[in-house]
Amino acid sequence: QVQLVESGGGLVQAGGSLRLSCVASSETFNFLVAGWYRQTSGDQRELVATISTTRATNYADSAKGRFTISRDKAKNAAYLQMNSLKPDDTAVYYCNAKLISGGVATRDYWGQGTQVTVSS
């Protein structure tokens with residue numbers, strides 16, 4: 001079992017920046033694909049970015065050019081640097097970690113979420 005704890009959310013003005021952190025309870029995290037998802041009230045949870053165990057990254061179109069995902073294996077952690085924030089980025093952001101085997105997620109872990117609010 002891997003527990004994920006997010007931090008770094010808050011209130012920021014449009015155009016500002018935030019850095020989200022996700023710290024895992026176990027170094028098993030370093031063998032998982034890490035990702036950030038977000039969810040607004042009434043909507044489905046959507047992918048923001050993922051980073052593989054080899055640090056290959058993938059971004060949603062809405063995040064490209066503004067957000068950067070990274071990970072630190074020594075700290076069992078992943079981060080999401082968010083720049084040029086827009087009011088549309090307002091959501092609860094969730095850290096996720098998946099064990100991928102044969103192209104299928106056989107383990108799926110979620111944090112409790114951190115609120116990001118961007119004012120106009």
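Residues numbered from 1 in each chain as written. Predicted model: local features only at pLDDT ≥ 70, side-chain atom pairs only at ≥ 80, totals over all residues. Heavy atoms only, no water.

> For this particular structure, what's the right way to read the environment of Lys98?
Relative to the helices and strands, Lys98 resides in strand 9 (residues 91–101). Between the C-alpha atom of Lys98 and that of Phe31, which follows or precedes it by 67 residues, the distance is 8.8 Å. A distance of 3.4 Å separates the side chain of Lys98 from the side chain of Asn96, its partner in a polar contact. (Helix = DSSP H or I, 4+ residues; strand = E, 2+ residues; numbered from the N terminus. Polar contact = N/O pair within 3.5 Å; in protein donor to acceptor, adjacent residues only side chain to side chain.)

> Could you clarify how one ought to interpret the packing of aromatic side chains in this entry?
Each aromatic ring pair is described using two quantities: the centre-to-centre distance and the angle formed by the ring planes. Summed over the entire model, instances satisfying the criterion amount to 2 aromatic pairs. Taken together, a centroid distance of 5.0 Å and an interplanar angle of 65 degrees make the contact between Tyr37 and Trp110 edge-to-face. Of this pair, Tyr37 sits in strand 4 (residues 33–39) while Trp110 sits in strand 10 (residues 104–110), and the two are 73 residues apart along the sequence. Here Tyr37 falls in the buried class, since its relative accessible area comes to 13%. Aromatic pair Tyr94 and Trp110: ring centres 6.4 Å apart, planes at 85 degrees, arrangement edge-to-face. Of this pair, Tyr94 sits in strand 9 while Trp110 is found in strand 10, placing the two residues 16 residues apart along the sequence. The exposure class of Tyr94 is buried, given its relative accessible area of 13%. Every member of this aromatic cluster is reached through a ring pair, and the members are Tyr37, Tyr94 and Trp110. Its guanidinium or amino end placed over the ring of Trp110, Arg45 lies 4.6 Å from that ring's centre, counting from NZ or CZ. The ring of Phe29 carries the charged tip of Arg71 above its face, separated from the ring centre by 5.1 Å. (Phe/Tyr/Trp six-rings, centres within 6.5 Å; stacked < 30°, edge-to-face > 60°. Buried < 20%, exposed > 50% of the residue type's maximum accessible area, 1.4 Å probe, protein only. Lys NZ or Arg CZ within 6 Å of the ring centre and 35° of its normal.)

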